[in-house]
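# Fold and geometry: a report
As a plain string of letters, each chain reads:
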Amino acid sequence: LLAKGNHEVTSSWTLSHGRVYQTTLGITCSNITIIGQGIGETRILGGIGIHNKQNITLKQLTVTNTNGDGIVMYGAVVELVDIAFVHCRYSGIRVSPTAPTPSQVTATRCEMSNNGASGLTINSGNNISHNVCLKNCISHHNGTNGIFANGKGVVNIHGGSTAIHSNRSCGIFASISGKVLIHLPSHHNTTYNNGREDRHASIGGTITNVEDEQEDI
């Protein structure tokens, strides 16, 4: 459990291939749960890095990394619940491509806002297909896109409280075979008021409404 207040990260996180992330806390073990006292109550001032670790759960926190991403994952299995990733230099949530196995990320009632790049960035390479599931998440006022799915990764969006709006570029941007599946009726106001387009798909990327299940809207 993390108490109320600010928890500053002063260490750096170095990956095996030599990349260094400043002011980032590296998670070194699987089966870890970190629980704060709520959004705006427990604040991590720095980023979180996870490489090839499973069953990592983070709940009830605000994360702000003015030097990088809020959380960056390589080949990780992670659950995020009630977390705000705000005012990060780059993306709020980043799923990176260089691990030999895909990441699996589930985010529930999370906010990604006012970040310098995208709220959520997924980069898939080397035929690795990440899987990200968003449930009632919001992504707004980010410097580029609300959601950026680049490469073979899949993003599944659920929940009537979903809102992707007021981002500088696109609400949802799917590129290079990136796939975004919106499990909501087409009339749901999922993405709106974005600077360039609410939905943009290119180079084989797809954004599709899937109405194959009953969603609470």
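The preceding data block contains the structure.
Residues numbered from 1 in each chain as written. Predicted model: local features only at pLDDT ≥ 70, side-chain atom pairs only at ≥ 80, totals over all residues. Heavy atoms only, no water.

## Concerning the overall build of the chain
- In terms of helices and strands, the chain carries zero helices and 24 strands.
- Against the compact-globule benchmark of 17 Å for 217 residues, the chain has a radius of gyration of 16 Å, which places it among compact chains.
- Dimensions of the chain along its principal axes, counting C-alpha atoms only, are 45 × 35 × 30 Å.
- Contacts in the chain between residues at least 24 apart in sequence constitute 67% of all its contacts with a sequence separation of at least 6.
- Carbon and sulfur atoms provide 47% of the accessible area of the chain, an area that totals close to 9,300 Å².
- For the chain, the distance from the average site of its 14 positive side-chain charges to the average site of its 13 negative ones is 9 Å. (Helix = DSSP H or I, 4+ residues; strand = E, 2+ residues; numbered from the N terminus. Rg over C-alpha atoms; globule rule 2.2 N^0.38 Å. Contact = heavy atoms within 4.5 Å. Areas by Shrake-Rupley, 256 points an atom, 1.4 Å probe, with all protein chains shown as cover. Lys, Arg positive; Asp, Glu negative; His and termini not counted. Charge placed at Lys NZ, Arg CZ, Asp CG, Glu CD.)

## Topic: the pattern of salt bridges
- Within this structure, the stated rule accounts for four salt bridges.
- Residues Asp 82 and Arg 109 are paired through a salt bridge, measuring 2.8 Å at the closest nitrogen-oxygen approach. Here Asp 82 is found in strand E10 (residues 77-86), whereas its partner Arg 109 is found in the loop between strand E12 (104-108) and strand E13 (111-113), with 27 residues between them in sequence. (Salt bridge = Lys/Arg side-chain N within 4 Å of Asp/Glu carboxyl O.)

## Some points on the nonpolar core
- Ile 50, Ile 71, Met 73, Leu 80, Leu 134, Ile 157 and Val 180 are the most contacted members of the largest nonpolar core, which has 39 residues in total.
- Setting aside anything within four residues of it in sequence, one finds Ile 50 in contact with Trp 13, Ile 27, Ile 56, Ile 71, Val 72, Met 73, Tyr 74, Ala 76 and Val 78.
- Core analysis: the next-biggest nonpolar cluster, separate from the first, contains five residues, Trp 13, Leu 15, Tyr 21 and Val 72 among them. (Core = buried A, V, L, I, M, F, W, Y, C linked by side-chain atoms within 4.5 Å. Buried < 20%, exposed > 50% of the residue type's maximum accessible area, 1.4 Å probe, protein only.)

## Points about the sheet that holds strand E11 (residues 93-95)
- In space, the eight strands of this open sheet follow the order E4-E7-E9-E11-E14-E17-E20-E23, with parallel pairing throughout. What marks the edges here is a single partner per strand, and that holds for strand E4 (24-27) and strand E23 (197-202). Across the sheet, the mean angle from the axis of one strand to that of its neighbour is 10 degrees, orientation sign disregarded.
- Where strand E20 (residues 170-175) lies against E23, five bridges are found, and the strand directions are parallel. What sits directly across from Ala 174, in E23, is Ala 201. (Pairing = 2+ DSSP bridges. Axes fitted to C-alpha atoms, helices over the stretch in contact; angles between N-to-C directions.)

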